[in-house]
Amino acid sequence: MTTTCETSVGLAPRTGTKSLGCASECLKFLADYPLRGEMVKAAIRRAASLVFIGKDKLPYSRAFDIWYVKAKLFRDYEADAILAAVELKRERETANELRDLKTRIEILESRL
């Protein structure tokens, strides 16, 4: 799944643009949305649970407003927290892919 979030490395920290639309795409990326047969509410809840602002999770109502690009005010610390969650998810996915590749190599070597 390629999203704006993936291709622009989150919320474009290099250019300083932290748009609400990109944050919405990032939340959808975090939730692995859409999963077949899943309600949107569950996806928003899952994405909100992955974003931490300080020690607290992003509230569902706030995640809802960002998801649907309805937030009247979009704060920098929210954008930074979403970006951090996206980077953490990417790191975990990369580690999983590396582990899977090592396992495949071991299986192939054992067949030789």
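Everything discussed here concerns the structure shown above.
Residues numbered from 1 in each chain as written. Predicted model: local features only at pLDDT ≥ 70, side-chain atom pairs only at ≥ 80, totals over all residues. Heavy atoms only, no water.

(A) Examining the overall build of the protein chain more closely. Across its full length, the protein chain holds 5 helices and 2 strands. Going from N to C terminus, the protein chain has its helices and strands arranged as α-α-α-β-β-α-α. Looking at the protein chain as a whole, 31% of its 112 residues qualify as buried. Total accessible area computed for the protein chain in this model is approximately 7500 Å², and 55% of it derives from carbon and sulfur atoms. (Helix = DSSP H or I, 4+ residues; strand = E, 2+ residues; numbered from the N terminus. Buried < 20%, exposed > 50% of the residue type's maximum accessible area, 1.4 Å probe, protein only. Areas by Shrake-Rupley, 256 points an atom, 1.4 Å probe, with all protein chains shown as cover.)

(B) Molecular detail of the state of the cysteines. Applying the stated rule across the entire model yields 0 disulfides. Not engaged in a disulfide, the cysteine Cys 22 finds its nearest cysteine sulfur in Cys 26; these two sulfurs lie 4.3 Å apart. We classify Cys 22 as buried; its relative accessible area is 9%. (Disulfide = S-S within 2.5 Å.)

(C) Broad picture of the packing of helix H2 (residues 20-30) against helix H4 (residues 60-67). It is the contact of H2 with H4, at a shortest axis distance of 8 Å, that shows an interaxial angle of 115 degrees. On the side of H2, the interface is formed by Leu 20, Ala 23, Ser 24, Leu 27 and Lys 28, while H4 contributes Ala 63, Ile 66 and Trp 67. When the residues that make up the contact of H2 with H4 are grouped by side-chain class, the tally is 6 nonpolar, 1 polar and 1 charged. (Axes fitted to C-alpha atoms, helices over the stretch in contact; angles between N-to-C directions. Contact = heavy atoms within 4.5 Å. Nonpolar A, V, L, I, M, F, W, Y, C, P; charged D, E, K, R; others polar.)

(D) Quick look at H4. Within the sequence span of H4, burial applies to Arg 62, Ala 63, Ile 66 and Trp 67. The arc that holds every buried residue of H4, seen down its axis, measures 135 degrees, which confines them to one face. Where the residues of H4 are buried, they touch H2, helix H3 (40-50) and helix H5 (76-111). Once H4 finishes, Val 69 follows within two positions and takes phi at roughly 55 degrees, a positive value. (Arc of directions from axis to C-beta.)

(E) Highlighting the nonpolar core. Counting residues in hydrophobic clusters, the biggest one holds 24 residues, and the most contacted among them are Leu 27, Leu 30, Val 51, Ile 66, Trp 67, Phe 74 and Ile 82. Secondary structure elements with two or more residues in this core: H2, H3, H4 and H5. A per-element tally of this core places H2 first, with 7 residues. Setting aside residues up to four positions removed in sequence, Ile 66 forms contacts with Leu 20, Ala 23, Ser 24, Leu 27, Ala 71, Phe 74 and Ile 82. (Core = buried A, V, L, I, M, F, W, Y, C linked by side-chain atoms within 4.5 Å.)

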